[in-house]
Amino acid sequence: MVALSRKFCTLRASVFNQIQREGSKSTQIFIPFSQLQQRKILESRLIAVLHECNDLIRIKQVHGHIVRQGLDQCCYVLAKLVRMLTKVGVSMDSYARIVFEQVKQPNPFLWTSLIRGYSLQGPFTESIFLYNCMRKDGTGPVSFTFSALLKSCTAALNIDLGRQIHAQTITIGGFVSDLYVGNTMIDMYVKCGFLDCGRKVFDEMPERDVISWTSLIVAYAKSGDMNTAAGLFDGLPVKDMVAWTAMVTGFAQNARPREALDFFQRMQDVDVLTDEVTLVGAISACAQLGATKYASWICEVAEKSGFEPTNNVVIGSALIDMYSKCGNLEDAYKVFERMKERNVFSYSSMIVGFAMHGCAKAAIQLFEEMVKTEIKPNRVTFIGVLTACSHAGMVQHGKEVFGMMEKCYGVTPSADHYACMVDLLGRAGHLEEALELVRTMPMDSHGGVWGALLGACRIHGNPDIAEIAANHLFELEPNSIGNYILLSNIYALAGRWNDVSRVRKLIRTKGLQKNPGCSWVEGNKGVIHEFFAGEMTHPKSKEIRLALNDLLTRLSFHGYKPNLSCVPYDVSDEEKKRLLMSHSEKLALAFGLLTTGAGCTVRIVKNLRICEDCHSVMCGASHITGRDIIVRDNMRFHHFHKGACSCGNFW
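Residues numbered from 1 in each chain as written. Predicted model: local features only at pLDDT ≥ 70, side-chain atom pairs only at ≥ 80, totals over all residues. Heavy atoms only, no water.

As for the overall build of the chain
For the chain, the helix and strand inventory stands at 33 helices and six strands. For the chain, the spread of C-alpha atoms along the three principal axes comes to 115 × 55 × 50 Å. Taking all 651 residues of the chain together, the buried fraction comes to 48%. Sequence-distant contacts, at least 24 apart, represent 64% of the contacts inside the chain between residues at least 6 apart. Within the structure as shown, the chain displays about 31,400 Å² of accessible surface, and the carbon and sulfur contribution to it stands at 53%. A distance of 3 Å separates the average location of the 70 positive side-chain charges in the chain from that of its 64 negative side-chain charges. (Helix = DSSP H or I, 4+ residues; strand = E, 2+ residues; numbered from the N terminus. Buried < 20%, exposed > 50% of the residue type's maximum accessible area, 1.4 Å probe, protein only. Contact = heavy atoms within 4.5 Å. Areas by Shrake-Rupley, 256 points an atom, 1.4 Å probe, with all protein chains shown as cover. Lys, Arg positive; Asp, Glu negative; His and termini not counted. Charge placed at Lys NZ, Arg CZ, Asp CG, Glu CD.)

Quick word on the packing of helix 11 (residues 195-204) against helix 12 (residues 210-222)
The angle between the axes and the distance between the axes are what describe a pair of packed helices. Orientation of helix 11 relative to helix 12, taken along the N-to-C sense of each, is 160 degrees, at an axis distance of 11 Å. As far as their axial angle goes, helix 12 and helix 11 are roughly antiparallel. Relative to helix 12, helix 11 is oriented so that their crossing is left-handed. Between helix 11 and helix 12, the contacting residues are L195, G198, R199 and F202 on the first element and S212, W213, L216, A219 and Y220 on the second. The class makeup of the residues in the contact of helix 11 with helix 12 is six nonpolar, two polar and one charged. (Axes fitted to C-alpha atoms, helices over the stretch in contact; angles between N-to-C directions. Parallel < 35°, antiparallel > 145°, perpendicular 65-115°, else oblique. Left-handed = near helix turned anticlockwise from the far one by under 90°. Nonpolar A, V, L, I, M, F, W, Y, C, P; charged D, E, K, R; others polar.)

Focus on the side chain of E522
Residue position: E522 is located in strand 1 (residues 518-522). Looking at E522, its side chain comes within polar contact range of the main-chain nitrogen of T292, at 2.7 Å. Dropping the residues within four chain positions of it, E522 is found in contact with G290, A291, T292, K293, V527, I528, T596 and R603. (Polar contact = N/O pair within 3.5 Å; in protein donor to acceptor, adjacent residues only side chain to side chain.)

Focus: the packing of aromatic side chains
Counted according to the given criterion, the structure contains 21 aromatic pairs. Cluster of aromatic residues (ring-pair linked, three or more members): F233, W244, F251 and F263. Its end group placed over the ring of Y294, K293 keeps NZ or CZ at 5.3 Å from the ring centre. (Phe/Tyr/Trp six-rings, centres within 6.5 Å; stacked < 30°, edge-to-face > 60°. Lys NZ or Arg CZ within 6 Å of the ring centre and 35° of its normal.)

Next up, the structure:
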């Protein structure tokens, strides 16, 4: 690096020495004001013409005109020329470097244009070499010089060099208060993983604009610190669409959908324009929440903002996913059918939607229609098809799809696809085959693969293979309490209470906290009500308990008996019945039946897998009340209708 820098600086130095010798022999030429004015006008016109060039041929034509007009030493015009060469992707080492070498006294802007070119195209170290030569030649940098250098450091994720450039802005002086340099510096620190340093630069800036604020808001959102992001947002004097979008997408990406939708509502209230990115963030939040009220509202906002799903493939695909996750599969398919243009994401979203609702035949049929078009399936498409096969117990068809992924469509199976296959085999009871598949995978298995096997062991009560899967999970995900609880439950179902005690002791030793079962249900006017297992803090708790008791009594007349095996604790039968009654989805069901009108569908979302007892209660409730009940757990959708579930008791 040093050798190359010296070589280039020596070359420049020899050129400048020659210029100085020749300059001492010449006399200054007087240029009349009118000619000077005409020259400035010509320079401005040439810069404007260069700005419109979009290919190398046109740039060369303008360059020829520049030379004929005697402006081959005009740094301002040539700086624009170099910038346009950068824009059209011409290598700095060829054309731009030759143009630069022919200039006798390059000014800071010409130096900076070449530095910028290397910072964008690479190698980024060349931009640093040029800066060293520029300083040795006695040319002072401008703010754009530092912004280009800082962008080079960002591209290379070279924080040490970035700090040296930061120091240069201080030692040279005059750049500490430069807004453009400050914003680029914040971006450099943030993208290099030093958010605290970026915040310090922000705090010390005498002047900030919306870019300064938004850069940090986005950075805190990506780091998961939405509280700090919200604090910065509140302090932002003028909140534009970019800032609002950062908050909406930030909350959505950090699994805080309610806050995301709250910010989106506030954004609409103050009449800030909505773009595609904002809408996708709000749609994602609604999909996480699973609330039909918000789904309809967001669809209306999208259409009013000019993003009708029929004409916008991005919004259309996102809405398909949203409606599917809100339990409205029919509305999802309506969006899909009306789309004038479809891509792999549209098809994949619809296939995954069919899969999570247990409509395996529809998912496979749509896949077969897709492959007849010019659209090629991707990894997500195959995850959807394999999931559909898994939920329907279609083992042979799943094997065939898995086998043709790479052979027919060039999609190499990833660990996620192997997880789907393990789930498919495991659910169907082929635990030994599933274990062998994991052991022979061509890549390292991740937590999803072993988690699928552990879940299958719970379904089929196989504590021996469960131990193997759990031990791998304890290494891969040592702080994931769900794996410990699942193994403990498998031991409990097998009556191995000593092993249950051993696992629970391990949980206590590690200080792990169990995530409580949580369900939420839409009440009147789309208001969402949340329930936690064992908690009766809702204002209507008494009414809910009475309604639930009445429902269970009516169900008992139709043959319902509590499934005590769903309580993995060594306690009395009466205590097990009490614990079962306080499951969050039962509380949500009772509230939904209480507060919604006859004929209305009760929609429940649960953060964990629905247990067999609650599943039985939902089936019975749909029969004796005549109400459709839709439950979305962390595995799939369950549509309960007239005493039967869409999953066919296979989940």
